[in-house]
Every structure is written in C-alpha cells, then in structure tokens.
Amino acid sequence: MKLSIVIVNYNVEHFLEQCLFSVRKAIANIEAEVYVVDNNSVDGSLKMLAEKFPEVKVIANKNNVGFSRANNQAIKISTGEYVLLLNPDTVVEDDTFTKTIEFMDTHPDAGGLGVKMVDGKGRFLPESKRGLPTPSTAFYKMFGLTKLFPHSKRFARYYMGHLDNDEINEVEILAGAFMLMRRETLDKCGLLDETFFMYGEDIDLSYRITLAGYKNYYYPKTRIIHYKGESTKKTSVNYVLVFYKAMEIFVKKHFADKGAKTFSFFINIAIYLKAFLALLSQFFSKSIQPLLDAVLGYGGLAAISYFWGSTVIYEGSGSYPSTLFAIILPIYLLIWLMTAYFSGAYDKPYKISPATGGIFVGSLLILILYALLPENLRFSRALILLGMIWMSAEMSLTRWIGYVLNRPNFQYGKNAKKRFLVIGSESETERVQHLLQSTSIKPDFIGLISPDDEKKLPDNYLGELHQVPDIIEIYKINEIIFCSKDISHQTIIDKMEEWHSSLDYKIAPEDTLSIIGSNSINTRGDLYTIDIKTISTNSNKRKKRLFDIISSLFGIIFWIFLIFFINKPFHFLKSCFKVLFGRYSWIGYCELNDPEKLKLPKIKKGIFDPSMNMSRTGLSEEEKEQLNLMYARDYSLSKDVNFFFRALRKS
C-alpha cells in the first residue's frame, strides 16, 4: 500500500462528504486506503459514510477521544508507505497526492510534507508554513508583533513570513490539516502525543520529526482548500484556553531548560488576557445593537418627555415627575425592545422592517397597559405616540447607517440580492438551480456557465469559463457555485485565486443536497450549506416557540369556556401544559418509519402534525415524507396557526 489517508471527523458531515469526493478523485491512480475516525458525531456522518463511501474504513468511537488519539487509532492499523493526516474541512486537488508522493519518493531526507493552503475565497493561509514556537516566537505571536511585521524573519517566524509562498522550502512545523509523513519516520519518532487533546499535536510531532534526523518541507506546487475554524471558532474563549495551553505544554516538554518557567508565567498572563478580550468581543458582537437601541431609545424618550411636559402639559411651569423617567419610560422601552426582539429586529443581518413592526406591536401592548394603570401613573398618550415614532426612527436610522457604512450584519430592503453564477454541465446546473430555488434564499438571478470552452453552448447559458470576469461585471454577480462533478479542483482553486476576492465561492459536490463554500451569514471561511433549513432559522424557531407559549397560556386561561367546543378538553389541557413547558410543540413532523431518511432539521415532537390538514387519513409513507419536507422547507407562523385550529376542530 502506497498511501494511507486518515481523517478525524466530529460533526462536520457536509465538509467530510465534500472532502471525500475530492479524495476519491485524487487517489484514482494510487494504491491507497482511506480511514475516517468518527469521534461520536451526532449529525448523520456515519450514515452518510455508509451510503456514499462504502470503500472508506470507518472507526466509530463511542465518545470524543480527541484529535491525537483518534489519528493514532487509524495510524496503528494502516499499512501505507506514507501516512497523510487530513482535516475533514479540506478539498484536495485531483493531482495533490500524485505530486506530493513523487516529491517524497525523490527526497529521502523528507520526513514530513505540507502543502499550500487557501481559504474558501482563495486567499493564502499563512499557517501553510510555520516555524517552531520557541518561547520568543510564541511571545511575538501572542502579543501581536507577528501581525505588525508579517514578513520579518524574526517577528514573523511563527508563520515563516520571510519565505516565498510559492517556493518549495524546508520548514520547521507542518499544519495538521494536511500532514504527509513517511511510515519509517513515524516508526522512528513515534505517533501523536495524546497529551494534546485538540491543538499542538502537529507542532509536537513536526518537531520530533526533525529531532529524528528528517526534514519537513513546504510544497506549494499543489494546493488544498481549508475551511479553517469550522469545529472551533478562533475568537471563542475555549479556543484561546485550549490552544495556548497546548503551546505551554509543548514548551515545557521541549524547552524545560530554556526559561520554560518564565515563559509559562508570561503565557498564562497572555491566556487570561486573550480570554478576557474574547469574552468582551463575544459580548459586544451580540449586544452592541440592543445596547445602542436602549441608550439612544431612552435618551430620545427622556428628551421628548421633558420637552412635551415643560412646553405643552405644564406650559413652562414645570415638567413630569421623576416617576415617569425612573419607572414608566424604562417599562415602555423594555416592552418596545422585547417586541422588536420577537419580531426579528436583532436577527442577523439587521433589517429595518422587523424593527419597525416590533415597535408597532409594542405600542399596542403599551396602550393596553396604559388603560390598566392607576390614574397617578397615566401620563399623556401623546408620549406613547411620540415614543413609537422616535423608536421607529432610531432603529431605522442606525440600521440604515450600518448598511451605508457597509458594516457586516446590516441589510437594507426585504432580501439581500443574491446573484449567482453556476458553472457546470446541463444536468448539474439544473440540479443546483433546483436546490437554490427550493430554499428560502430566493435568488435574484441565476446565470449558467459552461466549464468546457470547446463545446457548443446550450441556449440558456450565458457563456464559457474564460468569459466569467466580464459576466461578473455585466450581471453584478456576487456568488459563484462550481459543480465539482464537472470541474477539476485545480481549476476551481485557480479561478478562486484569479477572480475577485470580493466574491463568495461555493462548491456543489455531486449527489448531495448541500452546497459548501466560503461564508456563513456572518463570517468568512465558514460552512455555508444550502439545505432544507427554513424551519430551523433563529427567527422561525423564535416565532414557533412564541406561538406555542401564547396559545398554551390562552388555552389554560380560557379552558373553562373551550370545553364546549373541544371533543377532548382534558387531553387538550394536558397538552397545553406539555407545550408550555417545552416538552412538545403544537405542530411537529408526521411520524415516519425512518425519521432520519430526509435529514430534516430537528424540532420538538408535535401534539399535531401537517397531516391534520388533509381531508383523508391513512397517508402513505411517501406522502408523509412530502408533507414533512414542505413543512420544513416552507415554514411560516401562519401555517402553525392554520394547522392548530384545523386540528382542534378535528380532535
């Protein structure tokens, strides 16, 4: 056996699927074996492997044993002359293995090899080549000097910034995303150190390869896409703690006599400082807009109240009492912010219409509350009207300014304009078009491009691959989807590097319901799947839960009156409590013999289901599957309301 490929998977089914499609192409002419070690994933990865990649050897762990131990499990039973550790969130070129093995065969001094990595937008990833994190190198990275001087041989040694990105060079550390090693080297220096659970094991093994008398090479004559950061977000506190603690373990292990204690002191300061900054970053990213609305909202309400009281109500002889400013206005503000939240005003991307809609609903609730307040707490209704105008204006203005300044997570209008180019054969582009049109994305434009410049263009195609730059400009394209069944991964990466970096690139693997690419809603370089997910959006989950709570409370409060209209009143009352406490939802999927078959988003089990809307009973399994599919894909609150009242009449 020439090559053994080891992939450790943990809940990244879509990435793993795309990775294995690319691996299957790349090993077509190589004697190779592929191992996937699954660390107890719950996302359907094992089922996908069994259905689509029966040739892959699977090790299914019953718990998450970590990256090092999982890799070692497969390495110990593999038989290849070379062993490749490969991340599941990667895509290899069709000739990646051929080229790298040829290099290793002709360079017997090479113990390990890494390749050029690009992210989902075709941008070079500096971790493709790294230096040994000695205490000084690690210090420069942790305190930001590496970013300040990215090409300095001294300060940027962590990423070997002084070396040419496109030249073969000897390096000190290989990236665990793609780590090709000679079997005899592993026999000599040992396997991965299982002391490292997730990070640092590649650094440790790379260093031990050099201690064993071999060299590590950076080989940029082939490339891979690495959608880095899918399983762990690098701004998270968990990442900071685990990564830098791993670096501390490495330094203590290999540099115990070179100031490790001093380094440990400084690294712990850096760890807690970075963890604190990560917490702050997370807090502000989630709460900055609500805080801004609260501060500006209260400031405007207080100013309006003072002006209205002193000039209209008291005509210059005074103003409203402090009770209004200390109690009533904060209550009004809280109601407006809560109704705006439940209307989707704080869903990303931020939009104007949910904010103003929520303010209008909040104003109605405040008017109801106003009528229930004692006389001494009732201030002018004009304040409610003026407050509604101010809150609507403030929320609209801040969101519009965010959009104009091109800030992330701000959107103007009902939907972002999604203008796609799909590159592939007629059958594949038709499949991708159907995927796009059957989701909540609602494309503004879909243009088709032929991947073959020599064949005659079908009538519905805009042009050929070499014409894409002009087509991008003319049709204002912002997203490009490559059909990997028809286009080599070399070509895909070539075009990603060649075309506009402002574009979003996605890859549609063959025979799958997912499209994977360069961005999620909020970030670059993350998972992006186009799948049947409408019911699982934050907005729809919130609406569904809100309907469950309100309808359950209504049912409990007015149950004594409803017993005359419901066939099973006590069963209904029991159901109200089940739904209120979150054990059930009013509407769920139809029960199926194989509920995992469609891989629909997870929702709570329902008291009722969409079949209650049908005029007949005894639906077939296929009909139930279709109902579930339509419910998940085209979910709306009105559907739940409709199903609920129809079910009540039938029950």
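Residues numbered from 1 in each chain as written. Predicted model: local features only at pLDDT ≥ 70, side-chain atom pairs only at ≥ 80, totals over all residues. Heavy atoms only, no water.

1. Some details on the overall build of the chain
- Along the backbone of the chain there are 21 helices and 17 strands.
- Scored against the burial criterion, the 651 residues of the chain give a buried share of 50%.
- For the chain, contacts bridging at least 24 residues in sequence account for 71% of all contacts bridging at least 6.
- A total accessible area of about 31,100 Å² is found for the chain, and carbon and sulfur atoms account for 59% of it. (Helix = DSSP H or I, 4+ residues; strand = E, 2+ residues; numbered from the N terminus. Buried < 20%, exposed > 50% of the residue type's maximum accessible area, 1.4 Å probe, protein only. Contact = heavy atoms within 4.5 Å. Areas by Shrake-Rupley, 256 points an atom, 1.4 Å probe, with all protein chains shown as cover.)

2. Section: the pattern of salt bridges
- Taken as a whole, this structure holds 27 salt bridges when the rule is applied.
- Two residues, K99 and D95, come together in a salt bridge whose shortest N-O distance is 3.4 Å.
- For K99, a relative accessible area of 28% translates into the label partly exposed.
- Across the salt bridge formed by E428 and R431, the nearest N and O atoms sit 3.0 Å from each other. In this pair, E428 and R431 both sit in helix α14 (residues 426-437), three residues apart, roughly one turn of the helix.
- One network of salt bridges, with partners in common, ties together E93, K116, D166, R223, D494 and E497. (Salt bridge = Lys/Arg side-chain N within 4 Å of Asp/Glu carboxyl O.)

3. Some thoughts on the packing of helix α11 (residues 322-342) against helix α12 (residues 352-372)
- Close contact between α11 and α12 brings their axes to 7 Å; oriented N to C, the two are set at 135 degrees. Relative to α12, the element α11 is oriented oblique. Along this stretch, α11 crosses α12, giving a crossing that reads as right-handed. Contact residues: α11 offers I331, Y332, I335, W336, T339 and A340, while α12 offers P354, A355, G358, I359, V361, G362, S363, L365, I366, L369 and Y370.
- Its residues assigned to classes, the contact of α11 with α12 comprises 13 nonpolar, four polar and no charged. (Axes fitted to C-alpha atoms, helices over the stretch in contact; angles between N-to-C directions. Parallel < 35°, antiparallel > 145°, perpendicular 65-115°, else oblique. Left-handed = near helix turned anticlockwise from the far one by under 90°. Nonpolar A, V, L, I, M, F, W, Y, C, P; charged D, E, K, R; others polar.)

4. What to know about the packing of α12 against helix α13 (residues 381-404)
- The contact between α12 and α13 brings their axes to 9 Å, and the two run at 165 degrees. The pairing of α12 with α13 is recorded here as roughly antiparallel in orientation. The handedness of the crossing between α12 and α13 is right-handed. Across the interface between the two elements, I352, A355, T356, I359, F360, S363, I366, L367 and Y370 of α12 pack against R381, I384, M388, M391, S392, M395, S396, R399 and W400 of α13.
- Counted by class, the contact of α12 with α13 contains 12 nonpolar, four polar and two charged residues.

5. Quick look at helix α17 (residues 538-557)
- Look at α17: 28 Å from first C-alpha to last across 20 residues, which is about the 28 Å you get at 1.5 Å a residue.
- Buried residues of α17: S539, N540, R542, K544, F547, D548, S551, S552 and G555, and no others. (Expected span 1.5 Å × (residues − 1).)

6. Things to note about the sheet that holds strand β14 (residues 504-508)
- The sheet built from six strands is open, its strands ordered β12-β11-β10-β13-β14-β15 with mixed pairing. The open sheet terminates on both sides in strands that have one partner only, identified here as β12 (463-464) and β15 (516-517).
- Pairing between strand β10 (residues 419-423) and strand β13 (residues 479-483): four bridges, direction parallel. The residue of β13 that forms the bridge with I423 is F482.
- Lying over the sheet, helix α15 (residues 468-475) contacts β10, β11 (445-450), β12 and β13, oriented at roughly 160 degrees with respect to β10. (Pairing = 2+ DSSP bridges.)

7. Some thoughts on α14
- Taking 1.5 Å per residue, 12 residues should reach 16 Å; α14 reaches 16 Å between its end C-alpha atoms and fits that length.
- In the core, the buried residues of α14 are packed alongside β10, β11, β13 and β14.

8. Quick word on a nonpolar patch on the surface
- Where nonpolar side chains cluster on the molecular surface, the patch consists of F360, V361, L364, L365, L367, I368 and L372 and spans about 670 Å² of accessible area.
- Turning to its location among the elements, L367 is positioned in helix α12. (Patch = residues over 30% accessible without salt bridge, like charges linked within 9 Å, V, L, I, M, F, W, Y side chains within 5 Å.)

9. Side note on the confidence of the model for the chain
- Of all residues in the chain, 85% have pLDDT values of 70 or greater, and the mean over the chain is 84.
- Note that residues 230-235 has pLDDT below 50 and, in this model, 15 contacts with residues that lie over four places away or in other chains.
- Within the model, the stretch residues 519-527 combines pLDDT values under 50 with 35 contacts to residues more than four positions away or in other chains. (pLDDT = per-residue confidence, 0-100.)

10. Concerning the side chain of T429
- Among the structural elements, T429 can be located in helix α14.
- We classify T429 as buried; its relative accessible area is 1%.
- Separated by 3.1 Å, the side chain of T429 and the backbone oxygen of E426 make a polar contact.
- Not counting chain neighbours up to four residues away, the residues in contact with T429 comprise V422, I423, G424, L448, Y461 and C483. (Polar contact = N/O pair within 3.5 Å; in protein donor to acceptor, adjacent residues only side chain to side chain.)

11. With respect to the pairing of strand β1 (residues 3-9)
- Along β1, seven of the seven residues are buried, which leaves the element largely enclosed by surrounding structure.
- Bridging between β1 and strand β4 (residues 82-86) involves five bridges; their strand directions are parallel. Across the sheet, I5 pairs through a bridge with L84, a residue of β4.
- The pairing of β1 with strand β2 (residues 32-38) spans seven bridges and is parallel. In the strand pairing of β2, V8 is matched with V37.
- Handedness of the crossover joining β1 and β2 through helix α1 (residues 13-26): right-handed. (Right-handed = clockwise from strand over helix to strand, strands pointing away.)

12. Brief notes about the side chain of S450
- Looking at where S450 falls in the secondary structure, it is placed in strand β11.
- S450 gets classed as buried once you look at its relative accessible area, which sits at 8%.
- Beyond its immediate chain neighbours, meaning those up to four positions away, S450 contacts G424, L457, Y461, G463, E464 and L465.

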